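A look at the structure
For reference, the chains in residue letters:
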Amino acid sequence: MDLPDGYSWRRATPDDVPAVLALGLAVDVEEYGEPDWEEDDVRDDFARPRFDLGTDTWLVEAPDGSPAGYAAAWEREPSAVVVGDAFTHPDAPDLYPWLVAAISERTREHAAVSGEATARVFSSAPNARRAAALRDAGYDICRVFRRMVVDFDETPSPPPAPGPGVTIRPVTPDDLPECHRIVTESFADHFGSVAEPYDVWHGHFVATGSYCPQYWWLAEVDGVPAGVLIGQRHDDKGWVKTLGTLPAARGRGVGTALLLTAFQAFRDDGHPRAGLGVDSDNSTGAIGVYERAGMRATHRYDCYQRVFTRS
């Protein structure tokens, strides 16, 4: 498959963070009318384990040298799952078929090593061009995710006290290994979850530009650690990056107590709203917890999937 006349591609480099960010922001505005990416997001993506800019990125440039399209194929699980991103600038020709083909070919290379590899690419509901390119390339929707948001009142009231036996406290540096354990066990049966060693997890959540330790809380039930909320800033809002409760502690109000604690902190720091992403098929009833806390679904993201086997 060839690019349009005058268009060319190359691998991204660390110096391309501004170019990739500008492209992503243009697509954000096209899809939902507002930006949803920050520079730290791009830098964190570039720093992911098993992600090589020299083999896993495609930056398409227009005839004038401006960024017109970008794709990435991150090896989420070694030689097993590849998570792809694809962006075409709203003013550029439809580059999505070419970008999806690049992700597919990279996944085939992983399948040649392991025998089988799965490619997953997220597409927001309004992006008809990307969805069409994925369907035409043999991808099917395997999961639907929702963005949920809550707007804070101007005259907030303090969150209700946690349920009996439940206490919430800030996370300290000494708690980080325990946070890793709770997150790992909480998400063990969730779609796409991968049990990561502590050092890899630390790189995702702590050693990043988006790390906000003031928005980390640990929940205890009868004195035993049982839940974690990891928050951060995201544009003008507070963001719940991860919220996990151990299976044995579910039904005790742990998730709600963590969520409302975070909301209060976000509000106190001047954020007018908070948001998070959730799997619509989450088996723990998370969407119900979020709705009862005042959140509403605003965006839909479809996860497209295709399995490749060694030929």
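The following refers to the structure shown. Owing to the predicted nature of the structure, the values given are computational and were not obtained by experimental measurement. (Residues numbered from 1 in each chain as written. Predicted model: local features only at pLDDT ≥ 70, side-chain atom pairs only at ≥ 80, totals over all residues. Heavy atoms only, no water.)

1. Regarding helix 7 (residues 198-205)
Among the residues of helix 7, those classed as buried are Trp201, His204 and Phe205. Down the axis of helix 7, the buried set is contained in an arc of 80°. They therefore lie on one face. (Buried < 20%, exposed > 50% of the residue type's maximum accessible area, 1.4 Å probe, protein only. Helix = DSSP H or I, 4+ residues; strand = E, 2+ residues; numbered from the N terminus. Arc of directions from axis to C-beta.)

2. Focus on the packing of aromatic side chains
This structure, assessed with the given rule, holds 13 aromatic pairs. Between tryptophan 201 and tryptophan 216 the ring centres are 6.1 Å apart and the planes differ by 80°, which places this aromatic pair in the edge-to-face class. Separated by 15 residues along the polypeptide, tryptophan 201 in helix 7 and tryptophan 216 in strand 8 (residues 216-221) bring together distant segments of the chain. Ring geometry for tyrosine 211 against tryptophan 216: centres 5.6 Å apart, planes inclined by 85°, an arrangement best described as edge-to-face. Residue class for tyrosine 211 comes out partly exposed when judged on its relative accessible area of 30%. The exposure class of tryptophan 216 is buried, given its relative accessible area of 2%. Here the aromatic residues Tyr198, Trp201, Phe205, Tyr211 and Trp216 are joined through ring pairs into a cluster of three or more. If you follow arginine 48 out to its NZ or CZ, it ends over the ring of phenylalanine 51, 4.9 Å from the centre. (Phe/Tyr/Trp six-rings, centres within 6.5 Å; stacked < 30°, edge-to-face > 60°. Lys NZ or Arg CZ within 6 Å of the ring centre and 35° of its normal.)

3. A word on unusual backbone geometry
Even without being glycine, arginine 50 reaches a positive phi, approximately 60°. Mapped onto the fold, arginine 50 is located in the loop between helix 2 (39-46) and helix 3 (53-56). Of note, the phi angle at aspartate 222 is positive, near 55°, even though the residue is not glycine. Looking at the secondary structure, you find aspartate 222 in the loop between strand 8 and strand 9 (224-234).

4. A few points about the sheet that holds strand 10 (residues 237-245)
Overall, mixed pairing links the 12 strands, which are arranged 1-2-3-4-5-12-6-11-10-9-8-7 in an open sheet. With one partner strand each, in any of the chains shown, strand 1 (8-10) and strand 7 (166-170) form the two edges of the open sheet. Ignoring which end each strand starts from, the neighbouring axes of this sheet average 25° apart. Pairing analysis gives 5 bridges linking strand 7 to strand 8, with the strands arranged antiparallel. Residue proline 170 lies in a different strand from strand 8, and its bridge partner there is tryptophan 217. Packed on one face of the sheet, helix 4 (residues 96-114) meets strand 1, strand 2 (57-61), strand 3 (67-77), strand 4 (81-88), strand 5 (116-124) and strand 12 (296-309) and runs near 165° to strand 4. (Pairing = 2+ DSSP bridges. Axes fitted to C-alpha atoms, helices over the stretch in contact; angles between N-to-C directions. Contact = heavy atoms within 4.5 Å.)

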